[in-house]
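Given next are the chains, with one letter for each unit.
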Amino acid sequence: MMMGEAHRRRVDTRLPAEYTTPGSASFVDFLARVQPPGDASASVVPTSPTAAHPVPVTHATTIIAMALTGGVLMAGDRRATSGNVIANSDIVKVYPADAYSAIGIAGVAGLGLELIKLFQVELEHFEKIEGTALSLEGKASRLASMIRGNLGLTMQGLATVPLFAGYDIASGRGRIYSYDVTGGRYLEADHHGIGSGSWFARGSLKKRWRPDLGEADAISVAVEALYDAADDDSATGGPDPVRGIWPVVAVVDAGGYREIAESVLAATVTDLLARRRADAEARS
């Protein structure tokens, strides 16, 4: 009898049926099936963007991307703000989505970073389940669906928007995708930017970008575009040689995703500052 009672008290270690039932290769779809009803975060977000006491959130800016010979480059500044306060001076906003793509975020930093993590898992999960990676177009479509799922929070003023770029193995070239808060997806030609400083950065890119940019020249163009954005937008952080804070710059080509070394960025910033100083002296 005692053994029977002990047997009944034994914990059932079997996985719930949701974890063993075949479904799609999407990790996001799986989460939608197994997550508990309701959103635990709902109690800590404002009910509207005009709430009397809105919850302070940290915002991230500015991200740019451009095509270069044989691939694509993505770069982001390192500043995050909360209202008129600099919340973080060395936040990283550009990450690998997988081996052949990059993603950067602007908007509410916390939600954006969680979106990046979930997107990384989504792509890895699909590859493990299907035995092959999604096409670059497929990756861009999956990201659009994930953004659309955040529309409820966006309507409460908690918007986060990514910039996605990668190397298209099928065509052997880099491609850039931008999005709006509803999940709209747009294939960009040549270069693009998002975030509060993007208007100034894109103006710089229009003047300096050219179709035959090599990697070294593209790095220089990206650093200068972010420098120009920081000159006009207080939410965008410029390079800080004193503390050794440089933009995050990544290149994706046939060799995959790789970040540019800080020593290269430091040298690029030093050269930019020297040119700007010489121009100022020539005008005086």
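Okay, so let's go over this structure.

Thresholds, definitions, all that
- Residues numbered from 1 in each chain as written.
- Predicted model: local features only at pLDDT ≥ 70, side-chain atom pairs only at ≥ 80, totals over all residues.
- Heavy atoms only, no water.
- Helix = DSSP H or I, 4+ residues; strand = E, 2+ residues; numbered from the N terminus.
- Buried < 20%, exposed > 50% of the residue type's maximum accessible area, 1.4 Å probe, protein only.
- Contact = heavy atoms within 4.5 Å.
- Salt bridge = Lys/Arg side-chain N within 4 Å of Asp/Glu carboxyl O.
- Pairing = 2+ DSSP bridges.
- Axes fitted to C-alpha atoms, helices over the stretch in contact; angles between N-to-C directions.

Digging into the side chain of His191
With respect to the helices and strands, His191 occurs in strand E11 (residues 191–194). When its relative accessible area of 17% is taken as the criterion, His191 is described as buried. In this view, His191 contacts Ala65, Met66, Ile176, Leu205, Lys206 and Trp209; residues no more than four positions away in its chain are not counted.

Things to note about the pattern of salt bridges
Per the stated rule, a full pass over the model turns up 17 salt bridges. Where Arg208 meets Glu224, a salt bridge forms, and the shortest distance between an N and an O atom there is 2.3 Å. Placement of Arg208 in helix H7 (residues 198–208) and of Glu224 in helix H8 (residues 215–232) is noted, with a sequence separation of 16 residues between them.

Some thoughts on the pairing of strand E12 (residues 248–253)
Counting buried positions along E12 yields six of six residues, so the element is predominantly enclosed. The alternating pattern of E12 places Val248, Ala250 and Val252 on one face and Val249, Val251 and Asp253 on the opposite face, and all of these are buried. Where strand E3 (residues 71–76) meets E12, six bridges bridge the pair, whose relative direction is antiparallel. For Ala75, the partnering residue across the bridge sits in E12 and is Val249. Examined bridge by bridge, E12 and strand E13 (residues 256–259) share four bridges and lie antiparallel to one another. From the neighbouring strand, Asp253 faces E13, where its bridge partner is Gly256. Taking the residues between adjacent antiparallel strands as the criterion, E12 and E13 are bridged by two residues.

Details of the sheet that holds strand E2 (residues 63–68)
Ordered by their spatial adjacency, five strands build an open sheet running E11-E2-E3-E12-E13, and the pairing between neighbours is antiparallel. For this open sheet the edge positions go to E11 and E13, each flanked by a neighbour on one side alone. Geometrically, the sheet is characterised by an average inter-axis angle of 15° between neighbouring strands, direction not taken into account.

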